[in-house]
Amino acid sequence: MKMKSTILMLCAALSVAACTNPNRFGADDTANGGVSDPLAGSIVPGSASDPASPAYFQQTVGDRVLFLVDQSTLSPEGRATLDGQAVWLLQNADYTAVIEGHADEQGTREYNLALGARRADAARAYLVSQGVQAGRLQVVSYGKERPIEVCSEEACYAKNRRAVTVLAGGLTS
Amino acid sequence: MMVRVLLMVLAVVWTAPLTAQDGPLRIEITEGVIEPLPVAVPNLVPETAGSAEMGQQLARVIAADLAGTGLFREVPSSSFISQVSDFNSPVLYADWKAINVQALVTGAVNVQGNQVTVKFRLYDVFSGAEMGDGLQFAGTTDAWRRIAHKVADAVYSRITGETGYFDSRVVYVSETGPKDNRRKRLAIMDYDGANVQYLTGSESIVLAPRFSANGDRVLYTSYETGFPRIYVLDVGSVQRRVLESQQGTMSFAPRFAPNGQTVVYSLSQGANTDIYAMDIASGGTKRLTSAPSIETAPSFSPDGSQIVFESDRSGSQQLYVMPAGGGEARRISFGEGRYGTPVWSPRGDLIAFTKQSQGRFHIGVMRLDGSEERLLSASFLDEGPTWSPNGRVIMFARETQGAAGRSTLYSVDITGRNLRPVRTPEGGSDPSWGPLQR
């Protein structure tokens, strides 16, 4: 159990591409839960092709939302991603999640910790508003301590200003 | 684990100067020294056969301390005309005057087993007189650097009229690895980067250690539970315990009150971050701010009556002062840009801060009403000032730009002069300068 959640976290850390396609789920698409037919027949359980897998959550649903400089307001794209996350979490009720809030390096350490908390909480509050049980969601802020992109340019900063929903505690085996 | 260093300071008067001094040697720091004062520190005279090497090492550290302030310039031994081979012989002032030495530090060292005794005298060459009395320090040989720092502190103090700061330590975060896989652990060192010891492992993120006023404990933030929590660590025993662990919250940015019994810190609940105070003994807490904005980075005034902190209640990060028990806060920063990480000076008259303006970061100081703002540094990312015990120097961290970015500790005089890196074995950030040791 503990090992499994460790592996899930690792996957989340390695999966950075999901945010590049935030429009995959429009508000209308979420009604069908994002379980699409084209992949039927080639589903490998637990892999990204399995809609009930954490890998699918990370890569297809999208595990993160991005923010503007010094902002914690959800963008339309961010809300669409969170709509998809909410549907997934409602369908896969055995998972809990920790939402990690992050900031780019342009800021002082303490302020960025508080800013990351705002961002993580914005994502949490939205998921709860979409019906996800509050008790399944925890938040943590890493401030500027865990950038995924290392250049000192807006292209990197934009990806570092994020709230990432990290699945934990999948109860199904 | 940490060696408890015992140093005895013996004020011994061998020969009190009998002559009144004419225009004594003096550096007025507040005027901002442009031309450093030439000082010579010959190797200390060995009183036993095994003391010669120690005499050289002590002289090197004393000279480095003095020159490191930017107020002194060391005159190299290669230009000496006379050598000091007997601590008690009269000083040949003409020989030192000829090479333009203005302050001369002589000493003798006596090593017996693991005990070392150091005597020194300070001479004002141009007045042709000794400054103050001879002093003797005794300690263990493994504490020899502390003895050198104590000699340098005495010299600094006699010439500037200010308390010294060399016999002090700094707790900081030691950093290795690239930006996207940075490893951090707490470390403690002498003010000059020597004698680094690590206080924690690097398994979890550790942030912003803060010394207590007497240097016995360190507060810091660690992610070892998976969430940021405040810990207190005893410097002597390296024992630590969590101070704040309220479920569903995050706590960070702790700082001791001057009395060492109260801690102020930030607590995040949901989207909101406010400042709280905790009585360490009872664990009882009190909320000091209750605004929907971010309130963090609290720092006490030296008398413990007020707290300076940062808040974005106006729409951007600015500095505020409130009573130590909470209550109405007044804004003190009004310049262009954002202000954070305020730290009250030990003298009580200045606030050091980090300023962000037009894409650059600065360390600066201002008066308590925000006037006389003075920026001491500028770079891609300067952050997190801490005051030397005498309030004359500020240490901070500078992170360089880009993928290979690395964080290094720097110090700068509050006049803005003498910006210099502090050499540490690894990268460094979040320094907290402790008190002058006894």
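All figures in this text were calculated on a predicted structure; none of them were measured in a lab.

**Student:** Could you give an account of the overall build of chain A, naming the residues involved and the relevant values?
**Tutor:** Counting its regular elements, chain A contains five helices and four strands. Its helices and strands in sequence order give chain A the pattern α-α-β-α-β-α-β-α-β, from N to C terminus. A burial count over chain A gives 47% of its 173 residues as buried. Within chain A, residue pairs in contact and separated by at least 24 positions form 75% of the contacts whose partners lie at least 6 positions apart.

**Student:** Can you break down the packing of helix 3 (residues 76-91) of chain A against helix 4 (residues 109-129) of chain A residue by residue, with the values?
**Tutor:** Residue and element names in this part refer to chain A. As a packed pair, helix 3 and helix 4 sit with axes 9 Å apart at the nearest point and diverge in direction by 55°. Of the possible angle classes, the one that applies to helix 3 and helix 4 is oblique. In terms of crossing hand, the pair formed by helix 3 and helix 4 is right-handed. Here helix 3 contributes Arg79, Leu82, Gln85, Ala86 and Leu89 to the contact with helix 4, which in turn contributes Ala123, Tyr126 and Leu127. In terms of residue class, the contact of helix 3 with helix 4 is made up of six nonpolar, one polar and one charged.

**Student:** Before we move on, could you go through the sheet that holds strand 10 (residues 183-190) of chain B and cite the residues and values that matter?
**Tutor:** Strands belonging to one sheet form pairs held by backbone hydrogen bonds; the direction of such a pair is parallel or antiparallel. Residues and elements named next belong to chain B. Pairing is antiparallel across the open sheet formed by four strands, whose spatial order is 11-10-9-32. Each edge of the open sheet is held by one strand with a lone partner, namely strand 11 (197-198) and strand 32 (427-436). When strand 9 (residues 168-176) meets strand 10, the two strands line up antiparallel, connected through eight bridges. Its bridge partner being in strand 10, Ser174 is matched across the sheet by Arg185.

**Student:** Any details on the nonpolar core? Residues and values, ideally.
**Tutor:** If you look at the biggest cluster of nonpolar residues, it comprises 153 residues, and the most contacted ones within it are B:Leu58, B:Ile62, B:Val151, B:Ile351 and B:Ile394. No other element matches the 10 residues that helix 4 of chain A contributes to this core. If near-sequence neighbours (up to four positions away) are discounted, B:Ile62 is found in contact with B:Val41, B:Val105, B:Ala148, B:Val151 and B:Ala152.

**Student:** Quick one: what's the story with the domain arrangement of chain B, residue by residue and with numbers?
**Tutor:** Residues and elements named next belong to chain B. One can read the domain layout of chain B as domain 1 (8-160) and domain 2 (168-436). Opposite the six residues of domain 1 that make contact, domain 2 presents nine residues. In terms of residue class, the side of domain 1 that touches domain 2 is built from one nonpolar, four polar and one charged.

**Student:** Tell me about the packing of helix 1 (residues 52-68) of chain B against helix 3 (residues 144-160) of chain B, and please be specific about residues and values.
**Tutor:** Residues and elements named next belong to chain B. Close contact between helix 1 and helix 3 brings their axes to 8 Å; oriented N to C, the two are set at 45°. The orientation of helix 1 relative to helix 3 falls into the category oblique. Helix 1 and helix 3 meet at a crossing whose hand is right-handed. Note on element contacts: helix 3 touches helix 1 through Trp144, Arg145, Ile147, Ala148, His149, Val151, Ala152, Val155 and Tyr156, opposite Met54, Gln57, Leu58, Val61, Ile62, Asp65 and Leu66.

**Student:** Give a detailed account of the interface of chain A and chain B, specifying residues and quantitative values.
**Tutor:** Each partner contributes to the interface: chain A provides 20 residues, whereas chain B provides 33 residues. At the level of secondary structure, the elements contributing two or more residues to the side of chain A that touches chain B comprise helix 4 and strand 3 (137-143) of chain A. Here the element with the most residues in the side of chain A that touches chain B is helix 4 of chain A; it accounts for nine residues. Each residue belonging to the side of chain A that touches chain B can be placed in one class, and the counts come to 10 nonpolar, four polar and six charged.

**Student:** How would you summarise the confidence of the model for chain A if you had to cite specific residues and measurements?
**Tutor:** Averaged over every residue, the pLDDT of chain A is 82; residues scoring 70 or more account for 74%. Note that pLDDT drops below 50 for residues 1-37 of chain A; the model gives that stretch 59 contacts with residues more than four away or on any other chain.

**Student:** Any details on the sheet that holds strand 23 (residues 330-331) of chain B? Residues and values, ideally.
**Tutor:** Residues and elements named next belong to chain B. Spatial ordering of the open sheet is given by 20-21-22-23, a layout of four strands whose pairing is antiparallel. In this open sheet, the two strands that pair with only one neighbour each are strand 20 (295-300) and strand 23. Of the strand pairs in this sheet, strand 20 and strand 21 (residues 306-311) are connected by four bridges, and their pairing is antiparallel. In the sheet register, Thr296 faces strand 21, and the bridge partner there is Glu310.

**Student:** I'd like to hear about the environment of A:Lys159, residue by residue, with values.
**Tutor:** Position of A:Lys159 relative to the elements: it lies in helix 5 (residues 154-160). The partly exposed category is assigned to A:Lys159, around which 19 C-beta atoms lie within 10 Å.

**Student:** I'd like to hear about the environment of B:Ile205, residue by residue, with values.
**Tutor:** By secondary structure assignment, the location of B:Ile205 is in the loop between strand 11 and strand 12 (206-211). Taking the C-alpha atoms as reference points, B:Ile205 and B:Gln56, separated by 149 residues in sequence, lie 41 Å from one another.

**Student:** Describe unusual backbone geometry, naming the residues involved and giving the relevant values.
**Tutor:** All names here are of chain B. At Val238, a residue that is not glycine, the phi angle is positive and equals roughly 60°. By the element assignment, Val238 lies in the loop between strand 14 (229-234) and strand 15 (240-242). Not every positive phi belongs to a glycine, and Asp430 is a case in point at roughly 50°. Mapping Asp430 onto the fold places it in strand 32.

**Student:** Help me get a handle on helix 3 of chain B, residues and values and all.
**Tutor:** Residue and element names in this part refer to chain B. With 17 residues, helix 3 extends 24 Å from end C-alpha to end C-alpha; this agrees with the ideal 24 Å at 1.5 Å per step. Extensive coverage of helix 3 is indicated by the burial of 13 of its 17 residues. Backbone geometry just downstream of helix 3 places Gly161 in the positive-phi region, at approximately 80°.

Conventions we followed
Throughout, a residue's number is its position along its own chain's written sequence, starting from 1. In the order they appear in the text, chains get letters beginning with A and ligands get numbers beginning with 1. Reporting of local features is limited, given that this is a predicted model, to residues whose pLDDT is at least 70; pairs of side-chain atoms are given and counted only at 80 or more, and all residues count toward the totals for whole chains, interfaces and linings. Each helix is a run of H or I in the DSSP string that is no shorter than four residues. Each strand is a run of E no shorter than two, and both are numbered from the N terminus. Burial in this document is a count-based property: other C-beta atoms within 10 Å of a residue's C-beta are tallied, and the residue is buried at 20 or more, exposed at 12 or fewer, or partly exposed in between, with C-beta positions derived from the backbone. The contact criterion used here is simple: two residues whose C-beta atoms, placed from the backbone, lie within 7 Å are in contact. The axes used here are C-alpha line fits, helices contributing only the stretch in contact, and every angle between their N-to-C directions lies in the interval 0 to 180 degrees. Roughly parallel covers angles under 35 degrees, roughly antiparallel covers those over 145, roughly perpendicular covers 65 to 115, and oblique covers all other angles. For any pair of crossing helices, the crossing counts as left-handed if the nearer helix is rotated counterclockwise from the farther one by less than a right angle, and right-handed if it is rotated clockwise. Under the convention adopted here, Pro, Cys and the residues Ala, Val, Leu, Ile, Met, Phe, Trp and Tyr are nonpolar, Asp, Glu, Lys and Arg are charged, and Gly plus all remaining residues are polar. Here the rule is simple: two strands pair whenever DSSP picks up at least two bridges between them. Note on definitions: a nonpolar core is a set of buried residues drawn from Ala, Val, Leu, Ile, Met, Phe, Trp, Tyr and Cys, linked by C-beta atoms within 7 Å. Boundaries of every domain are those given by an automatic assignment or by a domain database. Confidence scores here are pLDDT values: one per residue, from the predictor, ranging 0 to 100. Each residue after the first adds 1.5 Å to the expected span of a helix.

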